[in-house]
Amino acid sequence: MMEVKSLLSERTQFMKASDIRELLKWVTEDVISLGGGMPDPSTFPKELADIARDVIATKGSSALQYGKTEGVDELKDELIRFMAKDGIKADRDEIIITTGSQEALDLVGRITIDAGNVVITERPTYLAALQAFKAYRPNIVGIDMDSEGMVMDKLEEAVKKSISDGRRIKFIYVIPTCQNPTGISMSIDRRKHLMELASKYDLLIVEDNPYSYFLFDGIYVPPLKSMDYENRVVYMSTFSKIIAPGIRVGWVVGNRELIRWIAMAKQAVDLHTSTLSQYIALEALRRGIIERNLPRIREVYKVKRDAMLDALAKYMPEQVTWTRPIGGMFVWASVNGVRTEDMLPVAVSKYKVAYVPGKSFYPAEDVHTSMRLNFTYPSVDMIYEGIRRLSNAIRDELKR
Ligand code: PMP
């Protein structure tokens, strides 16, 4: 038998299966999952069936053909209009369409990180971003957050330390609005401060923004990219939550030279993002479907966010604390005295509830007391019942 392990590159040996994927394997029908990060399928636009048929019937010669690596120009033009509402300006050659933002994270890592370079992130941060970056062997420096987001004094300290250690900082990765996993949004003052520090130390910022479309209660927070007077923000967003994740279309806006390098890397990875999916996204934008659906999706998610916060207040013992997100898809809960990764098998098998243990969202996997709870996928009833079950699992664990 061929020995596969010896075939693997050093880089591959550092890869690790996502805890979420491992967890999903065990979740049977009787388990309420607060673990995934999935949209509510009732938010998928009904119009997609017509759009897909029309696109294939009338645009088939382009929509079913190979396309440019950078993406379909008409989609870029629609995105330029779409982003203008958020104060983001871009030309076509400052945009590349990607296979979801996940690909964008990998491509940015691929073209910038050499082993040992510093990448700064929020602590905790999106675990699949860590997964993408770690393949390129950076030294990831996590910066603590409080209720206003990344703490700027700690960021500046870390930047100074990297510089004095002679380590090159390649970028600061942030999810400033309704962060995954904590649900925290960076305050406006912090956003300004972050832009000032980036300017002072000449740093690139990678802004990952899948969730700003789901700010509730009429709250609005501008993206960093709209405050980017020196063109040092690489901005990424995605149709995953505003159309559907299955279409796998995201986009990146940034410095044109960086975009050219990203395109070069992408060419080797997948030639281009599915043209069919790009044309579907283009038509969804053109027909105003996203704009029309967003208020309804916001309302659905707000009701679910409120249900989760209410259920937490109703059921959780006093050792548990949690964030109160102004939007997005997640609440982050912490329990003094419980190792959430150890509690998970019991929670799933005995209490029939699943969540994502917090450990894997920390660059050094050194915090064990937190967990990510998703409120968009389960129904309101399931949220109440799921949190009730989780509270019982926690009480049980606290007694040990
Ligand atoms: N970034 C963040 C912060 C996310 O939460 C997600 C999806 N869970 C992604 C990127 C990737 O999304 P997609 O590839 O579906 O666009």
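In every chain, residue numbers begin from 1 and rise along the written sequence. Selection of residues for local features in this predicted model requires a pLDDT of at least 70, selection of side-chain atom pairs for listing and counting requires 80 or more, and totals for whole chains, interfaces and linings are taken over all residues.

1. Things to note about the site of the ligand
The criterion for a residue being near a molecule or strand is simple: its C-beta atom, placed using the backbone, must lie within 6 Å of it. Around the ligand, the structure places 13 residues, and the nearest of them are Gly-100, Ser-101, Gln-102, Thr-238 and Ser-240. We count a stretch as a helix when DSSP gives it H or I for four or more residues in a row; a strand needs E for two or more, and each element gets its number in order from the N terminus. Among the elements that line the shell around the ligand, the one with the most residues is helix α5 (residues 100–112), at three residues. In terms of residue class, the shell around the ligand is made up of four nonpolar, eight polar and one charged. Three residue categories are used. Nonpolar comprises Ala, Val, Leu, Ile, Met, Phe, Trp, Tyr, Cys and Pro, charged comprises Asp, Glu, Lys and Arg, and polar comprises the others, including Gly.

2. Examining unusual backbone geometry
Of note, the bond from Arg-123 into Pro-124 is cis; its omega dihedral lies within 30 degrees of zero at 5 degrees. Look at the link from Asn-180 to Pro-181: it is a cis peptide, with omega at 20 degrees. Tracing the backbone through its elements, the reader meets Pro-181 in the loop between β6 (169–174) and α8 (188–200). Located in the positive-phi region is Asn-231, a residue other than glycine, with phi close to 55 degrees. Here Asn-231 lies in the loop between β7 (205–208) and β8 (233–238). Unusually for a residue other than glycine, Arg-248 sits at a positive phi of about 55 degrees. With respect to the secondary-structure elements, Arg-248 resides in the loop between β8 and β9 (250–253). Three exposure classes are used, based on other C-beta atoms lying within 10 Å of a residue's own C-beta, which is placed from the backbone: buried for 20 or more, exposed for 12 or fewer, and partly exposed in between. Accessibility expressed as a C-beta count within 10 Å gives 20 for Arg-248, which makes it buried.

3. Observations regarding the environment of Tyr-126
Relative to the helices and strands, Tyr-126 is located in the loop between β3 (118–123) and α6 (127–134). Sequence spacing of Tyr-126 and Pro-363 is 237 residues, and the spatial spacing of their C-alpha atoms is 9.6 Å. A pair of residues counts as a contact when their C-beta atoms, built from backbone coordinates, are within 7 Å of each other. The residues contacting Tyr-126, other than those within four sequence positions of it, are Ile-175, Asn-180 and Asp-208.

4. With respect to the sheet that holds strand β13 (residues 356–357)
Sheets are built from strands that pair by backbone hydrogen bonding, the pairs being arranged parallel or antiparallel. If DSSP finds at least two bridges between two strands, the strands pair. Pairing is antiparallel across the open sheet formed by four strands, whose spatial order is β10-β11-β14-β13. Strands at the two margins of the open sheet, each flanked by one partner only, are β10 (320–322) and β13. Sheet topology note: the β13/strand β14 (residues 370–374) ladder contains two bridges and is antiparallel. Bridge pairing links Val-356 to Arg-372 in β14.

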